[in-house]
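# Inside the fold
Chain by chain, the residues:
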Amino acid sequence: MRMLANYPKEIKVFLLASLINAIGSALMWPLVTMFVFDQLGRTMSDAGLVILVQSIGGIAGQLLGGALYHRVGVKKLIIGALALNAAGLLLLPALSQSWSVFIAMMGLIGLFNSLSMPAIQAFIGFRFADQRGELFNIVYIANNIGVAVGTALSGFLADVSYSLSFILNGVTSGVFALFFLVYLQRVGTGSSDYEAIKLKKRASSGTSLWLLVKDVRLYLFMALGGMLINLGNSIWNTGVSPFIIEHGMSKQMFGYLWTLNGILIFVAQPVTNMIKRIAASSIKAQMTASAVFYMSGYVVILAMHSFAGMVLGMILTTLGEMLIAPAMPAFLSENSGKNAPFYLGLTGGIGSVGRVIGPYMMGGFYDGGGLTPVAWLAVLTAAISVISFIIHTLANKENSVPVNLQSPVSS
């Protein structure tokens, strides 16, 4: 297993920049609902509307980012999206006095924030082709460390000023844009890998998007599986969270569950590496195994309406998250060639639909019968996602991508 210290300096700098950007993003997003309710004096329904608009903007950003990659170019797309996101965040405090303008800005921020995602994933896949599996996993770990740090800091910053959180997020996004401006100029000089990216860009400029969409074998069942997993994972915010409150448990217990999630993503890498070696010999098998872990976690919550059951459920679903997060971009990077940016954006957009509709579906189920129907819905969606990933595996039987997604974190 590789140690992070053994990677080239270029990769370490890229990971450090990703970590800083993740910390900045996490400063803001946990506070949006509080900002709308507390600072702007709006209702919780209004707060939900803001999150919905931002999520829809995010879906549009992923779809648009994948489609524009070869038409605009990696450099303009990544730097432009990050710069626009930074500008939107820096202007947000001043524009929040108008409710309609604030909602529109949140939609644009969601759009700009997601616009760069498929481009960055595709850049990793193209630039570091021999190590892309490992790097997708490292970036995933670094981002989660950044989220943990940023979330912890956000509470302290909120006590000082909500606007400060938005501004610092904008600053980190701007720094990330400057990093890519310098970074892409450097790797573009004498780099055969980067020249290959530009050749791929030119080769695909005339590719019909409709023809790419019609190749459902490559992406559709995998994307639907991801969407169902995201839908089922809404159980935590719209099932477990109100259950803890209604049963007189400390609100901190819900925070402990997510602290456990963050710790596991870092320390449980040897466990997922063992699962890959023993039971998931390909990336496709890894996605199916992920859905099985999610389903197992929801079954535990369904059977055990207790905090102990929620802890065990969180452990199982976190293992599922760790298996699928690096697998989907790695599969598309390996199997869709020059069209990887488009498919990364398309699958990301489809998957995000689950995050949008999940809270509303599960909120209605919880109001109608509490945690039990919500858990049943989560189990059902995970079971269908298992079937969807199996169909994906059968449809791509000729694509036998070896698993090389082990973490560089030493066990």
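Remember, it's a predicted structure, so these values are computed and weren't measured experimentally.

## Digging into the overall build of the chain
When helices and strands are tallied, the chain shows 19 helices and 0 strands. A total of 411 residues make up the chain; the buried ones form 53% of that total. In the chain, the proportion of contacts linking residues at least 24 apart, taken out of those at least 6 apart, comes to 84%. As displayed, the chain offers around 17200 Å² of accessible surface, 68% of which is attributable to carbon and sulfur atoms.

## Focus: a nonpolar patch on the surface
A grouping of I145, V149, L153, F156, I263, F266 and V267 is seen on the molecular surface, where their side chains present a nonpolar patch of about 620 Å² in accessible area. Of all elements in the fold, only α7 (132-160) and α13 (252-267) reach the threshold of two or more residues within the nonpolar patch. Residue contributions to the nonpolar patch peak at 4 residues, all from α7. Relative to the elements of secondary structure, F156 occurs in helix α7.

## Comments concerning the packing of helix α14 (residues 269-278) against helix α16 (residues 307-324)
Viewed as axis vectors pointing N to C, α14 and α16 meet at an angle of 65°, and their least axial separation amounts to 10 Å. Taken together, the axis directions place α14 and α16 in an arrangement best described as roughly perpendicular. You can see that α14 and α16 cross each other, and the crossing is right-handed. Contact with α14, carried on its side by Q269, V271, T272, I275 and K276, involves L319, M322 and L323 of α16 and no other residues of that element. Here the residues of the contact of α14 with α16 sort into 5 nonpolar, 2 polar and 1 charged.

## Some thoughts on the confidence of the model for the chain
Summing up the model confidence of the chain, the mean pLDDT is 82 and the portion of residues at 70 or higher is 86%. Contacts of residues 189-205 to residues separated by more than four positions or lying in other chains number 26 contacts, the stretch itself having pLDDT below 50. The model gives residues 400-411 a pLDDT under 50, and that stretch makes 51 contacts with residues more than four places away or in other chains.

Criteria and thresholds
Every chain is numbered on its own, with residues counted from 1 as its sequence reads. Where local features are concerned, this predicted model is filtered to residues with pLDDT of at least 70; where side-chain atom pairs are given and counted, the filter is 80 or more; whole-chain, interface and lining totals use all residues. The side-chain numbers reported here are obtained from all heavy atoms of the structure, hydrogens and water having been left aside. Each helix is a run of H or I in the DSSP string that is no shorter than four residues. Each strand is a run of E no shorter than two, and both are numbered from the N terminus. Residue burial is assigned from relative accessible area. The probe radius is 1.4 Å, only protein chains are included, and a residue is buried under 20% of its type maximum, exposed over 50%, and partly exposed in between. We call two residues in contact when some of their heavy atoms are within 4.5 Å. For the accessible areas, the method is Shrake-Rupley and the probe is 1.4 Å, while residue cover comes only from the protein chains on display. The residues that make up patches have over 30% relative accessible area and no salt bridge, and they are joined within 9 Å when like-charged or within 5 Å when they are Val, Leu, Ile, Met, Phe, Trp or Tyr. Salt bridges are counted wherever a side-chain nitrogen of Lys or Arg sits within 4 Å of a carboxyl oxygen of Asp or Glu. Between N-to-C directions, angles cover 0 to 180 degrees, with each direction set by a line fitted to C-alpha atoms, over the stretch in contact for helices. Throughout this description, any angle smaller than 35 degrees is read as roughly parallel, any larger than 145 degrees as roughly antiparallel, any in the 65 to 115 degree range as roughly perpendicular, and the remainder as oblique. By convention the crossing between two helices is left-handed if the near helix lies anticlockwise of the far one by an angle smaller than a right angle, and right-handed if it lies clockwise. In the scheme used here, Gly and all other residues not listed as nonpolar or charged are polar, with Ala, Val, Leu, Ile, Met, Phe, Trp, Tyr, Cys and Pro taken as nonpolar and Asp, Glu, Lys and Arg as charged. The pLDDT value tells you how sure the predictor is about a given residue, anywhere from 0 up to 100.

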